[in-house]
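Structural overview
The primary structure of each chain is shown beneath.
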Amino acid sequence: MRRLPVIDSHCHAGLGDGFTGPWDTDASLDNYRVRAREAGIDVTVLLAPLTSDYRSANRAVGAMVMAEPQCYLGFAFVNPVTDRGRIAVMVDEARAWGACGIKVHWKDGRITREIAEVARRRKLPILYDPAGDTATVEMAATAYPEVAWIIPHLSSFSDDWKAQIAFVDQLVRLPNLFTDTAGVRYFDVLADAVRRAGPDKVLFGSDGPFLHPAVEISKIHALHLEPADTAQVLGGNLLRLTRTARRSARPSLDRAATQNRRYER
């Protein structure tokens, strides 16, 4: 088997219109590209920044993915409130450029059955930031066991230690629950999550371009996992969770999937 690629599973790209912070204003990749290359990252999963118009933002992400398919994969960002009733249309539009997952953020609203049903039918993972709302995570993951739920930041970007501890228990119990390492500062909690739930439940993510990918990837190496386990965290798990979605995308546009298949068994 060839070397698995190093994949940053969580990076924003494009312009937002919120103007409350970089997360909803400007996610330029200018600095990120250099930093990712220096950190040894081969492929990056792009997500729109927070914005009021995800349809346009997803198109911008799609243009980046199609322009450099050897470097980028993409997820479709949707708003559970303002995009209600058209989630399937938006996701299918994004699937045309190769989107291989769905992204939802708590600032836009809680996860809905509409989004979960779209993910289930299209066999797409959902990257859902719940802001520490582990009760909703429990209900959603239990109600939709066929969906792979990736909960970033061990459930809380705000360093909510109590929420992260509770989430680790969920990560151990629920087979369709996964997490990413972006922005996790309580290192012992991260180490405990990998030890108890297993390295196959954890994905490397940087939350770039806002956080430095080299800093974030250093946490993975600091776990001192076996080489095969490190490879899974750094890329193998993302490839596994998106395999069906990548292979079912339009062949002419899903060139990134073709590029990455050579790394898989």
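Bear in mind that the values here come from a model prediction, so they are computed numbers and not experimental data.

1. Quick notes on the sheet that holds strand β5 (residues 72–74)
Judged by pairing direction, the sheet is parallel, and its three strands sit side by side in the order β1-β4-β5 without closing on themselves. At either margin of the open sheet sits one strand with a lone partner, and together these are β1 (7–12) and β5. Within the sheet, the average angular offset between the axes of one strand and its neighbour, ignoring direction, is 30°.

2. What to know about the sheet that holds strand β11 (residues 202–203)
Within the open sheet, the six strands sit side by side as β6-β7-β8-β9-β10-β11. Their pairing is parallel. Here the strands that pair on one side only, and so sit at the sheet edges, are β6 (76–77) and β11. Note that strand β10 (residues 177–180) and β11 share two bridges and pair parallel. By the bridge assignment, T179 is partnered in β11 with V202. Against the sheet, helix α5 (residues 134–143) makes contact with β8 (126–129), β9 (149–151) and β10, and its axis sits at roughly 165° relative to β9, the strand it touches most.

3. Points about the pattern of salt bridges
One pass over the full model with this rule turns up 15 salt bridges. Residue D92 is joined to R122 by a salt bridge in which the shortest nitrogen-to-oxygen separation is 2.6 Å. One end of the pair, D92, is in helix α3 (residues 87–95); the other, R122, is in helix α4 (residues 113–122), with 30 residues separating them in the sequence. Between D192 and R196 there is a salt bridge whose closest N-O contact spans 3.6 Å.

4. Some points on the nonpolar core
Judged by nonpolar contacts, the single largest core of 78 residues is most densely connected at I102, I126, W149 and L177. Ranked by residues supplied to this core, first place goes to helix α9 (residues 227–248) with six residues. Setting aside residues no more than four positions away along its own chain, W149 makes contact with I111, A116, I126, A140, A141, Y144, N176, L177 and F178.

Analysis parameters
- Residues numbered from 1 in each chain as written.
- Predicted model: local features only at pLDDT ≥ 70, side-chain atom pairs only at ≥ 80, totals over all residues.
- Heavy atoms only, no water.
- Pairing = 2+ DSSP bridges.
- Helix = DSSP H or I, 4+ residues; strand = E, 2+ residues; numbered from the N terminus.
- Axes fitted to C-alpha atoms, helices over the stretch in contact; angles between N-to-C directions.
- Contact = heavy atoms within 4.5 Å.
- Salt bridge = Lys/Arg side-chain N within 4 Å of Asp/Glu carboxyl O.
- Core = buried A, V, L, I, M, F, W, Y, C linked by side-chain atoms within 4.5 Å.
- Buried < 20%, exposed > 50% of the residue type's maximum accessible area, 1.4 Å probe, protein only.

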